Every structure is written in structure tokens, then in C-alpha cells.
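Chain by chain, the residues:
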Amino acid sequence: MTATINSMETRFADMLRPNQLMEGDLVKVEGEFFTIKYVDEGEEGCNVGLINDFDELIETFFFDDEHIELHVYVE
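Rules used throughout
Residues numbered from 1 in each chain as written. Predicted model: local features only at pLDDT ≥ 70, side-chain atom pairs only at ≥ 80, totals over all residues. Heavy atoms only, no water. Salt bridge = Lys/Arg side-chain N within 4 Å of Asp/Glu carboxyl O. Buried < 20%, exposed > 50% of the residue type's maximum accessible area, 1.4 Å probe, protein only. Pairing = 2+ DSSP bridges. Helix = DSSP H or I, 4+ residues; strand = E, 2+ residues; numbered from the N terminus. Patch = residues over 30% accessible without salt bridge, like charges linked within 9 Å, V, L, I, M, F, W, Y side chains within 5 Å. Areas by Shrake-Rupley, 256 points an atom, 1.4 Å probe, with all protein chains shown as cover. Lys, Arg positive; Asp, Glu negative; His and termini not counted. Charge placed at Lys NZ, Arg CZ, Asp CG, Glu CD. Axes fitted to C-alpha atoms, helices over the stretch in contact; angles between N-to-C directions.

(A) Here's a closer look at the pattern of salt bridges. For the coordinates displayed, the defined rule picks out 1 salt bridge. Measuring nitrogen to oxygen at the nearest pair gives 3.3 Å for the salt bridge that ties Glu9 to Arg11. A relative accessible area of 44% means that Glu9 is categorised as partly exposed.

Quick look at the structure:
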């Protein structure tokens, strides 16, 4: 994780299926935090655009039966 995310406190909120994700959600994938840019549903899952702390877009695919960790910022 980068310093920006490390300096902000987050909490685990829920495990979501790909079709439950929304633009702006904070998710943890393979130990790293990302912000959801877009979710495009398909027949077997969702194409998801993830933004990392360096504003880089990472496109990935999640199958319908996968679960993704949703996190929220704590003030």
C-alpha cells in the first residue's frame, strides 16, 4: 500500500459480488486498495476498472461467484 492509503484509516465493511460494486467503492484486491472506476456486467461476470493510489487504471474481470472485500474510510 502507498503512504496515502496507509495514512487513512479504513475498516472492512462487507464481502460483495461483482454486480454489487458501485463506482467510487473502496475495495481490497490481492492485498491492495483500489477505487472502483466502472463496472460493466457480462454473462459470466463483470469487467471492472480499478484505480490505484497513483491514479492508474487497472482493468480486471471478476466472475459472478467471486467475492470482493468492500472497505470504508473511518473519520
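(B) How the structure looks around the pairing of strand E3 (residues 32-41). In this structure, strand E2 (residues 26-29) lies alongside E3, joined through 4 bridges in antiparallel fashion. Looking at the pairing, Leu26 lines up with Thr35 of E3. Joining the antiparallel neighbours E2 and E3 is a turn of 2 residues, in which Glu30 adopts a positive phi near 50°. Strand direction decides the pairing type here: E3 and strand E4 (residues 45-51), joined by 6 bridges, are antiparallel. Residue pairing in the sheet places Val39 in a bridge with Val48 of E4.

(C) Up close: unusual backbone geometry. Positive phi, normally seen in glycine, also occurs at Glu30, with a value near 50°. Judged by its relative accessible area of 80%, Glu30 falls in the exposed class. Even without being a glycine, Asp55 presents a positive backbone phi close to 60°. As for its placement among the helices and strands, Asp55 is situated in the loop between E4 and strand E5 (57-63).

(D) Fine view of a negative patch on the surface. Taken together, Asp40, Glu41, Glu43, Glu44, Asp64 and Asp65 make up a surface patch of like negative charges. Summarising the element assignment, Glu44 is placed in the loop between E3 and E4. For Glu44, a relative accessible area of 54% translates into the label exposed.

(E) Broad picture of the sheet that holds E4. The 6 strands lie next to each other as E1-E6-E2-E3-E4-E5, forming an open sheet whose pairing is antiparallel. Edge positions in the open sheet fall to strand E1 (10-16) and E5, since each of these has one partner strand only. On average, each strand axis in the sheet is inclined to that of its neighbour by 45°, with strand direction left out of account.

(F) The environment of Asp55, seen in detail. We classify Asp55 as exposed; its relative accessible area is 67%. In this structure the C-alpha to C-alpha distance between Asp55 and Thr35, which are 20 residues apart in sequence, comes to 9.4 Å.

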